[in-house]
Amino acid sequence: MTPSYAENWHKKTEMIENMDQKTTWDRFYAQSSSRSTTFRNFEWFFGFDSVRDFIMPLLQTRPPPDALLHVLDMGCGTSALGPCIYRHSPLSVLVTCADISPVAVRLMQEHVQARAVQPLNCSSQLRFMEMDCTQLHKHYGSSSVDLIVDKGTTDALLRSKEGKGKASLVLQQCLKVLRSSGSLLQFSDEDPDARLLWLETETWQPGMMGADVVVQEVGELRGVFYYCYKVTPRLIEQR
Ligand SMILES: C[S@@+](CC[C@H](N)C(=O)[O-])C[C@H]1O[C@@H](n2cnc3c(N)ncnc32)[C@H](O)[C@@H]1O
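As the structure is a prediction and not an experimental result, all values here were calculated from the model. (Residues numbered from 1 in each chain as written. Predicted model: local features only at pLDDT ≥ 70, side-chain atom pairs only at ≥ 80, totals over all residues.)

**Here's the deal with the overall build of the protein**
A count of helices and strands for the protein gives 8 helices and 7 strands. For a compact globule of 239 residues, the expected C-alpha radius of gyration is about 18 Å, and the protein comes in at 18 Å, within 12% of that figure. In the protein, once contacts between residues fewer than 6 apart in sequence are set aside, the share between residues at least 24 apart is 77%. (Helix = DSSP H or I, 4+ residues; strand = E, 2+ residues; numbered from the N terminus. Rg over C-alpha atoms; globule rule 2.2 N^0.38 Å. Contact = placed C-beta atoms within 7 Å.)

The structure is reproduced here in structure tokens:
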């Protein structure tokens, strides 16, 4: 029997309220993959081509010899964003696609193994990890990551019933693990009036080092405007 409008609406509301929960996403990715026998990347909004001009210019500082630029796609889901950065970066990168959902991580691993994606730079590496991004410090040292991309992950946390504290924690962790030359890019449909205020308030909490935040419009999709919020750790002047 086809679910009624009310049932669909109830399910959607329940999902939005619980977008900070691993079980919500495990169910979401399991259901999406069961609809088809062949894997297809799922993009919450926009694909790599729409956001590549925000990302690729940040991967132009050559890493030291034998080192890789560290890139993290935080809350990757089954998006093609991380694999596309790996494929298209002329400089050597280690791209980590991380998600709290083991179902999403497994689907991505299986897909990439089956397709053997070739990178532009033969030293580049791609890996998939189950990771709770409120605990980035368990996986990365301080000042060790060059670029973090977040497409819809902070949005999901901020919109859920109990995720606002997690969104703050994720931001704190990002600033801790980013190099001073690094950046966090948040792709979001949240209006700049709200997101800039949130970012500026959060990065100026006691114990936080502060950050510079700029916003650019990405474009419109089905009547919704999307933005790129670039957050860079603020350099503390040495006296
Ligand atoms: C709105 S989806 C965006 C997925 C993907 N970035 C895209 O553009 O399609 C949010 C993603 O964040 C993940 N997520 C939620 N909380 C997380 C956390 N604490 N740590 C890591 N990933 C998380 C979810 O599993 C989900 O894949």
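**Some remarks on the environment of Leu199**
Tracing the backbone through its elements, the reader meets Leu199 in helix α8 (residues 192–203). For Leu199, a count of 21 C-beta atoms within 10 Å translates into the label buried. When the C-alpha positions of Leu199 and Phe45 are compared, they lie 21 Å apart, and in sequence the two are 154 residues distant. Those residues within four positions of Leu199 in sequence are excluded, and the remaining contacts are Val213, Tyr229 and Val231. (Buried ≥ 20, exposed ≤ 12 C-beta atoms within 10 Å, placed from the backbone.)

**Things to note about the pairing of strand β3 (residues 125–130)**
As defined by bridge partners, strand β2 (residues 93–99) adjoins β3 across 6 bridges and the pair is classed as parallel. Paired with Ala98 across the strands is Met129, a residue of β3. What joins β2 to β3 is helix α5 (residues 102–115), and the crossover it makes is right-handed. (Pairing = 2+ DSSP bridges. Right-handed = clockwise from strand over helix to strand, strands pointing away.)

**Notes on the pairing of β2**
With 6 of 7 residues buried, β2 is to be regarded as a mostly interior element. Here strand β1 (residues 69–74) pairs with β2 via 6 bridges, running parallel. When the sheet's bridge partners are listed, Leu72 is paired in β2 with Thr96. What joins β1 to β2 is helix α4 (residues 81–88), and the crossover it makes is right-handed.

**Focus on the site of the ligand**
Taken together, 23 residues sit near the ligand, with Trp25, Trp44, Gly75, Gly77 and Gly152 positioned nearest. Counting residues per element, the shell around the ligand draws most heavily on helix α6 (residues 153–159), which supplies 3 residues. Among the residues making up the shell around the ligand, the classes are represented as 10 nonpolar, 7 polar and 6 charged. (Near = placed C-beta within 6 Å. Nonpolar A, V, L, I, M, F, W, Y, C, P; charged D, E, K, R; others polar.)

**As for the sheet that holds strand β7 (residues 224–233)**
A sheet is described by the order of its strands in space; here 7 strands give the open sequence β3-β2-β1-β4-β5-β7-β6, paired in mixed fashion. Looking at the sheet topology across the chains shown, the edges are occupied by β3 and β6 (211–221). Within the sheet, the average angular offset between the axes of one strand and its neighbour, ignoring direction, is 15°. Each of β1, β2, β3 and β4 (145–151) touches α4; the most contacted strand, β2, lies at about 175° to it. α8 contacts β5 (178–188), β6 and β7 of the sheet and is inclined by roughly 155° relative to β6. (Axes fitted to C-alpha atoms, helices over the stretch in contact; angles between N-to-C directions.)

**A few points about the environment of Gln118**
Position of Gln118 among the secondary structure elements: in the loop between α5 and β3. Counting along the chain gives 31 residues from Gln118 to Arg87, while the straight-line C-alpha distance between them is 6.2 Å.

**Structural notes on the UniProt feature "domain: Methyltransferase" (unreviewed entry) in the protein**
Sites flagged by UniProt as "domain: Methyltransferase" (unreviewed entry) map to residues 68–185. In this annotation, residues 68–185 is assigned 36% helix and 29% strand; the end-to-end C-alpha distance for the span is 19 Å. (UniProt positions renumbered as here; feature names shortened; annotations may be inferred.)

**With respect to unusual backbone geometry**
A positive phi is found at Phe46, a non-glycine position, where the angle reads about 45°. Looking at the secondary structure, you find Phe46 in the loop between α2 (22–34) and α3 (48–55). Judged by C-beta crowding, with 18 C-beta atoms within 10 Å, Phe46 ranks as partly exposed. A positive phi angle, near 45°, is found at Arg222, a position not held by glycine. As for its placement among the helices and strands, Arg222 is situated in the loop between β6 and β7.

**Thoughts on the nonpolar core**
One finds Ile85, Ile148 and Cys174 to be the most contacted residues of the largest nonpolar core, which totals 52 residues. Ile148 has contacts with Leu72, Met74, Cys174, Leu178 and Leu184, leaving out every residue within four places of it along the chain. (Core = buried A, V, L, I, M, F, W, Y, C linked by C-beta atoms within 7 Å.)

**Brief notes about α3**
Three or more residues of α3 are buried, namely Phe48, Val51 and Ile55. Viewed end-on, α3 has its buried residues packed into an arc of 85°, placing them on one side of the element. Residues of α3 that are exposed and point over 90 degrees away from its buried face: Asp49 and Asp53. At its buried positions, α3 is contacted by α4, β4, β5 and β6. (Arc of directions from axis to C-beta.)

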